[in-house]
Amino acid sequence: MPTIADKLAGLWPEIVMLLGAVACLAAGLSASARTRRLTPWIAGGTMALAWIFALWTGIDADHPLGLGGVVTYVKCLVLVLGLVLLLVCAGVPEGLKQTAAAEGARFDPGLSVRGEFYFFFLLSITGVMLTAGATDLVWLFLALELTSLPTYVMIAMTRDRTVAHESAVKYFFLGALSAAMFLYGFALIYGATGFTEFGPIRDAVAVSSETGLSDPSPLMLMGIVLSVLGLCFKVAAVPMHVYTADVYQGAATPVTAFLAVVPKVAGFAALIMVLHLLGLDRLPEPVLYLLGAIGVLTMTVGNVLAFVQTNLKRVMAYSSVANSGYMMLGLMAGLGVPGNALGNGPAAVLFFLLAYGFGSIGAFAVIAALAAQRSPDGADHTDATGVADDLEYDDLAGLWWRSPVLGGVMLVSMLTLVGMPPLSGFMGKFFLIGGVLNAGFYGLVIVLVINSAISAGYYLRIAMLTFFGESSSAPAVILPEGRRGPRVVGAVIAGIAGLLIGGLPGNSVVRNAREAFEPVPAPASAEPETVQAAADESTASAPAVARSQAAGLADAVPTP
Amino acid sequence: MTPTLIPWIPALAAATIGLISLFRSEWNRFAGALCAGAIGLSFVLTLWLSSSVGSGVVESGFYDWISFGSGDNAFHAGFSWFIDPLTVVMLLVITGIGGLIAVYAHGYMKGDPGYWRFFAYVALFIFAMTTLVMADNLLLLFLGWEGVGLCSYLLIGYYYEKPKAVAAAKKAFIVNRVGDFGFLLGIFLCYQHYGTLQISTMLEGARETLAAVAHGHGAVTATDVWIPFLLMVGAFGKSAQLPLYMWLPDAMAGPTPVSALVHAATMVTAGVYLIARCLPLFELSPYALPTVATVGAVTALFAATIALVSNDLKGVFAYSTVSQLGYMFLGVGCLSTDGAVFHLVTHAFFKALLFLTAGSVMHALAGQLNIQTMGGLRHKMPVTCWLMFAGCLALAGVPLTAGFFSKDLILGDALAYAVDHGSVLFFALTFLGVVTAFLTAFYTFRLWFTVFMGEEKFEMGDEHHAADDHAGDHADEADAAHDDHAHDAPHEMPWSMNGPLVVLAAGALLAGLVLHFTGGIEHAVQHSTAAVFVDAAHSQHAGDPAGDHGGEHHAYFLGVDAHVFMQVLSSILAVAGVVLAAFVFWMKREIADKAAARFDKLIRFARHEYCINEICDAAVVLPLRRLGALFYAVDRLIINSVMDLMGGLPRWLGMGVRPAQNGRIQSYGLTMVLGVALLAVLVLVATGG
């Protein structure tokens, strides 16, 4: 039984994050304007430091489910995505009218939300990291709530239109409903096994000697089913997807990018953990049915709904739903053969999260950097920053010709999401499909491919409009330098990452994702590998890319 | 390193010319010099290489082109070279003749608006062609094969404003696709059968099988039989043999130096090279080589009869090229690879010379191509006249010229093969070859006497006569170059253009003599993969290691050594042909006219290529078009509507689901709970109740 001190020793990254979050809160309320302006830098520095700590702490070889690698991978993944998201989100509180009021002649801390925004930003990411690191159902529940609760506040405070508050309230209530659901599931699991710790629960689940599959008691099975269904809310999967479009549309676009990525990572990390209580490799048939049904419904509903939308944020919201559907299928594919990335479904999910993350962040960042000039229904679509960010298809018309950078990022993001080689989305879908095929679910593969084709209908429409579109009215304008913050930088980094991870660097990410599921022989030898893993995920700096390419080459030599 | 430089220097020149045209268009005039210089440099390197190759093999890598898999499933195709004496011979022809033609073209193309483009294509062609002959694996060979096809397409369509040139380019490309399809299938089969595309490894395997079969153990598999036939299709397409020959006459729409380089001297011999290189693969199948020989001999006669009646200056040479290529295939078909390669070399000399002198005539007459409008041009263009005479002598196979030795080697070997095997087929093929030899002499000198002898007459071509069948095809080309001369009297070419021709003429007259007595070609072929496999135990050639019927072994025909018999016979026929042509087309032209009137229908029919194009249209093109129209209709009516329906499906589905997204939190909550309930029930059902 590990002591609390042992547990804390593995939580250094989270501790750093919490300290940084508090520092952000304090800095945001500082009397000195210069210190207040430092807040986003503190947030960024905190995440970078946490990343270093995550690598330094290394893989927990004693993880009760043997998923120490996944823990480290998810932590690094969410920190990398978080850093890019910070670039997209920084500037949101600064642009608010109330911030302008607070920063008047005399600083009014009662109005300022800057500190809170970055505080909640970091807290939510900390929640994902804790989710990944959870070894106990109670811990898992608390971590998931820590992920979600800050997002409710972030939605509500970054836009002073009622629609944002409505979104926040909807998200909160439905989130609470879903939390009740998986908490019920956790309770049933506890009831069935008598434990809340992962290790003993897993040991308590019998394995059928005939089929080699898990043979959980009906109570345990119901617990797992309810947990999975509740967690569907986090990943925006059917039947818990209903909130997605409204909430995504209501939130300020940079926050939408956050919502599309961070809770999803948490949700899939939690799903992997919960399902691995039964054994990802030996899921009983009912669970496979459940996952298959959720996956097929999710991707189909997401795609057909995205198909009929005209509002870009709603399109992207349903695209986010559809992508969850693809990943659901990955969860049921099993771990495949050790040493072979193709065939390892959950590893494909881990990689797909990265590809999807960059694709979505890129698209949302471009939308966030644009402002619509017209309001189709005559209503005021401007948010607190005076920006109309409810873009329609027509707003993108000919974007490439007005801003090749934004147009290019949009193109790359769309092609990544479609799964066009050689972009990262292709690799993601390739490994996902490979896994599902290996597991023998041919029908599901066909559904997945058909859905990909449907998704091309709206992704490519956006990509095409960016180049060849002609708008009937005035298309969206690019926000001026002062108002858009570092969003364009974030967009470009997401675009480049989406491009590169499809190439050689992706090779090593895939390897890391695959190795995350393999038992760690000794922590000492695992550590340099992880350092490499981190380098691979970093795409912001050229040396890192060079290094990762070298690593990719090394991996290209097939292992017998 | 040297081998790598041979193709890549011209490639670099092509790239440089392209870059110059983009960024420094005032330097465009250096394109010709750059191209000729690059090819010349490659020639020098080839000479150097040939000394180091000697009679051995040089294998050299450049870089790993394609590499994947590991262990038994590994596949490697390097950008790497396999150089044996056969390759050296080919390289010398390509870079040597290519260099001379580039020098000639430098003058010929002067003033053309696409000057730089022409030389960029030519340099690229040399890159592709040298890669083709130096490749050590079939995939790289195929790269070069497609590369020369591409350059040929670009060069035929060089005058892209002219619909005729564009159509010819398309025809060449499409007909070659048919051949390449077969070739590609052959490559697939080779990989499947041998597990590699490395030529040397494959040939090793083929020779082992041959030896095993000769000793009575082991058997030839169906794959072994299929591979040569598929490769053969590719070779026939590239080398314009029946039935894939029809692109070559049309290909003369390109600039004349291109006709000389690509469509006479080098590219069209790639098919001969391929068969010679892969000879052991062909020996595996008992039917492959006789098929090759038959197609070759029939094509030779067929094309010769068309050349006999054609009035198109370049057309005669184009058909004669098809005919001569037929000889080469007859050569490889009767295991006389040395004869085929020998003829390939001499043909490169005299056919390039003939095309270039024809180009000079055309150039001087502002694009006039109809030989009936010409006569007695020897006074106006004396140098061209006698240069072409040299080329004609060689083509006709007049004794002691280059064509004489090489053609007789092929025919002699064919006869000897027929005698050795008692093969009626090969007797017949030899007979066809002999008839063709006579026809060749006759039609060659028909052209020469018509154009240069007799009473002086000429009509200037003019681009305004473009509607006319032949005149004006190249009028713009000539006009652009020599506008001031266009309507003036014909004039002799400058020595900058005639210089290379003199070298070619010397080759056309003397190369055969030199190579015959030094035995250079036999040496090259015997030390290459083209050497004929003869198993000592089971030799049907009575112990002659190279299958060469010279030396100690003699095949006797009517009591005379086959080669001697053939030399005497064809000398008589060649001289007879020349004399007959002189009589009919110089001394007494009225006989020719009378005969023409008498056989008017037959001549028209032959001039129309025996309606081959029409038959081809009716048999292949039209059905394909009909099928295309049918597919188009099916696509429009059925598939499109189904696709529209399917495309609409997601939209309808979306519209159907959309009302659930009504924005009310109560209904969202309800949806979620109902969904959970439904899925929970599903799981219960899945558990089995």
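What counts and what doesn't
- Within any chain, residue numbers begin from 1 and follow the written order of that chain's sequence.
- Just so you know, chain letters begin at A and ligand numbers begin at 1, following the order they were written in.
- Given that this is a predicted model, residues contribute local features only at a pLDDT of at least 70 and side-chain atom pairs are listed and counted only at 80 or more, while totals for whole chains, interfaces and linings are drawn from all residues.
- Calculation of side-chain values draws on the structure's entire complement of heavy atoms; hydrogens and water are dropped beforehand.
- Only DSSP runs of H or I with at least four residues qualify as helices, and only runs of E with at least two residues qualify as strands; both kinds are numbered from the N terminus onward.
- Accessibility here uses a 1.4 Å probe with only protein chains present; expressed as a share of the type maximum, an area under 20% marks a residue as buried, one over 50% as exposed, and anything in between as partly exposed.
- Working rule for contacts: check all heavy atoms of both residues, and any pair within 4.5 Å makes them a contact.
- Areas reported here follow the Shrake-Rupley algorithm with a probe of radius 1.4 Å; residue values treat only the protein chains shown as occluding.
- Here, any two strands with at least 2 DSSP bridges between them count as paired.
- Among the buried residues, those of types Ala, Val, Leu, Ile, Met, Phe, Trp, Tyr and Cys that are joined through side-chain atoms within 4.5 Å form a nonpolar core.
- Note that the domain bounds reflect an automated or database-derived domain assignment.
- Think of a salt bridge as a Lys or Arg side-chain nitrogen and an Asp or Glu carboxyl oxygen that are within 4 Å of each other.
- Residues adjacent in sequence count toward polar contacts only when both atoms are side-chain atoms; beyond that, a polar contact is any pair of N or O atoms within 3.5 Å, and within protein one must be able to donate a hydrogen and the other to accept it.
- One less than the residue count of a helix, multiplied by 1.5 Å, gives the span that helix is expected to have.
- Whether two aromatic rings pair depends on their centres lying within 6.5 Å, for rings of Phe, Tyr and Trp, where Trp uses its six-membered ring; planes under 30 degrees apart make the pair stacked, over 60 edge-to-face, and the rest tilted.
- Consider the ring centre and the ring normal. A charge sits over the ring if Lys NZ or Arg CZ is within 6 Å of that centre and within 35 degrees of that normal.
- The definition used for a disulfide is geometric: two cysteine sulfur atoms within 2.5 Å.
- The predictor attaches a confidence to each residue, and that confidence, scored 0 to 100, is pLDDT.
- Helix axes use the C-alpha atoms of the stretch in contact, all axes being lines fitted to C-alpha atoms, and the angles between their N-to-C directions lie in the range 0 to 180 degrees.
- Reported orientations rely on four angle classes, namely roughly parallel under 35 degrees, roughly antiparallel over 145, roughly perpendicular from 65 to 115, and oblique for the rest.
- Under the scheme applied, nonpolar residues are Ala, Val, Leu, Ile, Met, Phe, Trp, Tyr, Cys and Pro; charged residues are Asp, Glu, Lys and Arg; polar residues are all the others, including Gly.

Mind laying out the overall build of chain B, listing which residues take part and the relevant values?
Each helix and strand in chain B was counted, giving 26 helices and four strands. Counting across all 689 residues of chain B, residues that qualify as buried make up 58%. Taking as baseline every contact in chain B between residues at least 6 positions apart, the subset at least 24 positions apart corresponds to 81%. A total accessible area of about 27000 Å² is found for chain B, and carbon and sulfur atoms account for 68% of it.

Which residues make up the overall build of chain A, and what values go with them?
Regarding its fold elements, chain A presents 26 helices and two strands. Out of the 560 residues in chain A, the part that is buried amounts to 64%. Considering only residue pairs separated by 6 or more positions, chain A has 79% of its internal contacts joining residues 24 or more positions apart. Surface exposure of chain A reaches about 18500 Å², of which carbon and sulfur atoms provide 68%.

Can you lay out the pairing of strand β2 (residues 75–83) of chain B for me, pointing to particular residues and giving the numbers?
Residue and element names in this part refer to chain B. Counting buried positions along β2 gives eight out of nine residues, so the element sits mostly inside the fold. The pairing of strand β1 (residues 58–68) with β2 spans nine bridges and is classified as antiparallel. Among the inter-strand pairings, Ser60 is bridged to a residue of β2, identified as Trp81.

Give me the nonpolar core: which residues, what numbers.
With 222 residues, the main nonpolar core has Leu141, Leu281, Phe282 and Met388 of chain B as its most contacted residues. In terms of domain composition, this core takes at least three residues from each of domain 1 (1–136) and domain 2 (336–607) of chain B. Not counting residues within four places of it along the chain, the set of residues in contact with Leu141 of chain B comprises Leu132, Ala135, Phe183, Ile199, Tyr273 and Leu274 of chain B. Listed in part, the 197 residues of the second largest apolar core include Tyr171, Tyr243, Ala266 and Leu448 of chain A.

So, the pattern of salt bridges: which residues are in play, and what are the values?
Residue and element names in this part refer to chain A. Throughout the structure, instances matching the rule amount to nine salt bridges over all chains. We note a salt bridge from Arg114 to Glu94, for which the minimum N-O separation is 3.1 Å. In this pair, Arg114 is assigned in helix α8 (residues 114–133) and Glu94 in helix α6 (residues 92–95), connecting sequence segments 20 residues apart. A salt bridge links Asp246 to Arg314; the shortest N-O distance between them is 3.2 Å. On the criterion of sequence distance, the pair formed by Asp246 in helix α13 (residues 244–250) and Arg314 in helix α16 (residues 312–331) is long-range, its members being 68 residues apart. Residues Asp246 and Arg314 agree in their burial class; the two are buried. By sharing partners, the salt bridges in this structure join Glu166, Lys170, Asp246 and Arg314 into a single network.

Break down the interface of chain B and chain A for me, citing the residues and quoting the values.
Bring the parts together and some accessible area is lost; that lost area is often taken as the interface size. Contacts between chain B and chain A engage 25 residues on the former and 36 residues on the latter. The interface formed by chain B and chain A holds zero salt bridges in total. For the pair chain B and chain A, the number of links is one residue pair in polar contact (both at pLDDT 80 or more). When contributions to the side of chain B that touches chain A are tallied by element, the ones reaching two or more residues are α25 (612–657) and α26 (665–687) of chain B. Top element by residues in the side of chain B that touches chain A is α26 of chain B. It accounts for 14 residues.

Can you explain helix α10 (residues 162–193) of chain A? Please cite residues and give values.
Here α10 of chain A spans 46 Å end to end across 32 residues, near enough to the 46 Å set by a 1.5 Å rise per residue. Residue Gly194 of chain A follows α10 of chain A closely and has a positive phi angle near 85 degrees.

Lay out the packing of aromatic side chains with the relevant residues and their values.
Evaluation of the coordinates by the stated rule reveals 53 aromatic pairs over all chains. Aromatic side chains Tyr417 of chain B and Phe426 of chain B sit 4.5 Å apart centroid to centroid with 55 degrees between the ring planes, which places their arrangement in the tilted category. We note that Tyr417 of chain B, like Phe426 of chain B, is buried. Chaining the aromatic ring pairs together yields one cluster made of Tyr152, Tyr171, Phe172, Phe173, Phe233 and Tyr243 of chain A. The ring of Trp27 of chain B carries the charged tip of Arg24 of chain B above its face, separated from the ring centre by 5.4 Å.

A description of the state of the cysteines should follow, citing residues and the corresponding values.
Taken as a whole and judged by the stated rule, the model has zero disulfides over all chains. The thiol of Cys190 of chain B is unpaired, and the distance to the nearest cysteine sulfur, on Cys278 of chain B, comes to 7.1 Å.

Give me the confidence of the model for chain A: which residues, what numbers.
With 89% of its residues at a pLDDT of 70 or more, chain A has an overall mean of 84. Low confidence marks residues 522–560 of chain A, where pLDDT is under 50. Its contacts with residues over four positions away, or in another chain, come to 54 contacts.

Can you break down the environment of Leu279 of chain B residue by residue, with the values?
Along the chain, Leu279 of chain B turns up in helix α12 (residues 279–283). Each C-alpha atom of the pair Leu279 of chain B and Phe533 of chain B lies 8.4 Å from the other, and the pair is 254 residues apart in sequence.

Please set out the packing of helix α1 (residues 2–23) of chain B against helix α2 (residues 31–53) of chain B residue by residue, giving values where relevant.
Residues and elements named next belong to chain B. One can describe the packing of α1 onto α2 by two numbers: an axis separation of 9 Å at closest approach and a directional angle of 175 degrees. Judged by the inter-axis angle, α1 sits roughly antiparallel to α2. Where α1 abuts α2, its residues Thr2, Pro3, Leu5, Ile6, Ile9, Pro10, Ala13, Thr16, Ile17 and Ile20 lie against Ala31, Leu34, Cys35, Ala38, Leu41, Ser42, Leu45, Thr46, Trp48 and Leu49. Grouping the amino acids of the contact of α1 with α2 by side-chain chemistry returns 16 nonpolar, four polar and no charged.

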